[in-house]
Amino acid sequence: MHALHDLTDVIVLLVATVLILPLSQRLKVSPVLGYLIVGAAIGPSGFAIINDLETASAIAEFGVIFLLFTIGLELSLRRLKVLRRYVFGLGALQVGLTAAAIGAITYGVTKDVSAAIVLGGSLALSSTAVVAQVLVERGEMQTRVGRMAFAILIFQDLAVIPLLTLIPVLGSDTAQMAEAGATALGLAAIALVVIMVIGTRLLPPVFSLIARDAGKMPELFTALTLLVVIGIGALTASAGLSMALGAFLAGVMLSETEFRHQVEADILPFRGLLLALFFMTVGMSVDIGVIQTQAVLLLALTFGLLAVKAPLIALSARANGLPVGMSAHLGVLLAEGGEFGFVLLALAVTSGALDNEMAQILIIPIAITMASTPLLATLGKRLSDWIDPPLAST
């Protein structure tokens, strides 16, 4: 009976996916918004069609993993070298400024150092999954704004590493916290070097060998692709990094090979379906009852998050020499919360670093701002065009 119940949940999610895609295209809105709304409606606090989120959430996380893999396919190592100034300059400045500002505001309200660190780190992050999806849909991934946005998002994903290690030891003495942080950074550096060295030398010949038989057994090529994505993701996870970062590195390594387009075609259906599940599970986590009872507070937190992040991101971009209009565009585009915010808040609650009630309240502004990303992208582009009008074509 339990298996039948799980199967019913899967059918409900697949039906929702099939309905949302054509409807969003007809209404000319991003499917992301539809997934989030439908997820809230069918979740435990809505019509309660699906009550068990654990299985769906575990599967849905692979949507982000495959998204970052396909993004890695689009970025060659040479292009990453070009972006390194913005990844470690612009990205680091944005995360530092935003985390410090939000942390200071949190401490001023709660007088709780642990809450300030958790909220500062969690809310400084933007949504790699949603922003990347919106940029792809708008054809802006390869524009300068798209590249700068992705440079910031790369550093944000890297910033999750020390946060995942730091949050469980909040409340310990300073020496223990410093030791945990140093251990995490050391493992991260070793894992990245090992994966890049082995991957760049091992993957091309393996794919060449498999490609010889791919004509007779096309599923063999797909299986190898899935093995690479999940296998490298598992290696990075075992080193304390995120699986999503490992998948991104796998994509970068394969971007230099002749098999890039075939790999991308094989992985695209998995990415689309799992991303749909991811966004719906995010919607399911929203407590509609809290929205009804704390509507004013939630609106204040939502607009407050946007009001704090957008100017600081724009300021970081200007400090790195980007034009005013582009800086404003980046600020508005990346002002939303991110999917790693959910992960870090849940970890903080489990470790006792954050009160569960506070975490539940913060989940909703993150979800609302993520759902607003397509609108933010449009507003950012219009603001940029107003500040720096594009040259008229002749």
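What counts and how
- Residues numbered from 1 in each chain as written.
- Predicted model: local features only at pLDDT ≥ 70, side-chain atom pairs only at ≥ 80, totals over all residues.
- Heavy atoms only, no water.
- Salt bridge = Lys/Arg side-chain N within 4 Å of Asp/Glu carboxyl O.
- Buried < 20%, exposed > 50% of the residue type's maximum accessible area, 1.4 Å probe, protein only.
- pLDDT = per-residue confidence, 0-100.
- Helix = DSSP H or I, 4+ residues; strand = E, 2+ residues; numbered from the N terminus.
- Axes fitted to C-alpha atoms, helices over the stretch in contact; angles between N-to-C directions.
- Left-handed = near helix turned anticlockwise from the far one by under 90°.
- Contact = heavy atoms within 4.5 Å.
- Nonpolar A, V, L, I, M, F, W, Y, C, P; charged D, E, K, R; others polar.
- Parallel < 35°, antiparallel > 145°, perpendicular 65-115°, else oblique.

Undergrad: Help me understand the pattern of salt bridges in this model?
TA: Two side chains of opposite charge can pair, provided their charged atoms sit close to one another. For the structure shown, the criterion picks out two salt bridges. Between Arg-138 and Glu-140 there is a salt bridge, with the nearest N and O atoms lying 3.5 Å from each other. The partly exposed category is assigned to Arg-138, whose relative accessible area is 31%. Judged by its relative accessible area of 12%, Glu-140 is buried.

Undergrad: I'm lost on the confidence of the model for the protein chain in this one. Help?
TA: Low pLDDT marks stretches whose predicted atomic positions should not be read closely. Mean pLDDT for the protein chain: 80, with 86% of residues reaching 70 or above. Per-element confidence in the protein chain ranges from a low mean pLDDT of 69 for helix 8 (residues 174–214) to a high of 94 for helix 14 (residues 324–333).

Undergrad: Just checking my understanding: could you explain the packing of helix 13 (residues 295–319) against helix 14 for this structure?
TA: The relative placement of two packed helices is expressed as an angle between their axes plus a distance between the axes. Running from N to C, helix 13 and helix 14 cross one another at 140 degrees; their axes reach a closest spacing of 7 Å. Crossing of helix 13 over helix 14 shows right-handed handedness. The segment helix 13 lies against helix 14, with Ala-310, Ile-313, Ala-314, Ala-317 and Arg-318 engaging Val-324, Ser-327, Ala-328, Leu-330, Gly-331 and Val-332. Within the contact of helix 13 with helix 14, the residues separate by chemical class into eight nonpolar, two polar and one charged.

Undergrad: So what exactly am I meant to see when it comes to the packing of helix 16 (residues 356–371) against helix 17 (residues 373–387) here?
TA: Contact geometry for helix 16 and helix 17: axes closest at 5 Å, N-to-C directions at 55 degrees. Considering the angle they form, helix 16 stands oblique to helix 17. Between helix 16 and helix 17, the residues in contact are Thr-369, Met-370 and Ala-371 and Thr-373, Pro-374 and Leu-376, respectively. In terms of residue class, the contact of helix 16 with helix 17 is made up of four nonpolar, two polar and no charged.

Undergrad: What is the right way to read unusual backbone geometry from this model?
TA: With the exception of glycine, most residues fall at negative phi, and the peptide bonds are largely trans. The backbone of Lys-111 sits at a positive phi, close to 55 degrees, despite the residue not being glycine. Inspection of the secondary structure puts Lys-111 in the loop between helix 4 (77–110) and helix 5 (113–123). Overall, the relative accessible area of 55% leaves Lys-111 in the exposed class.

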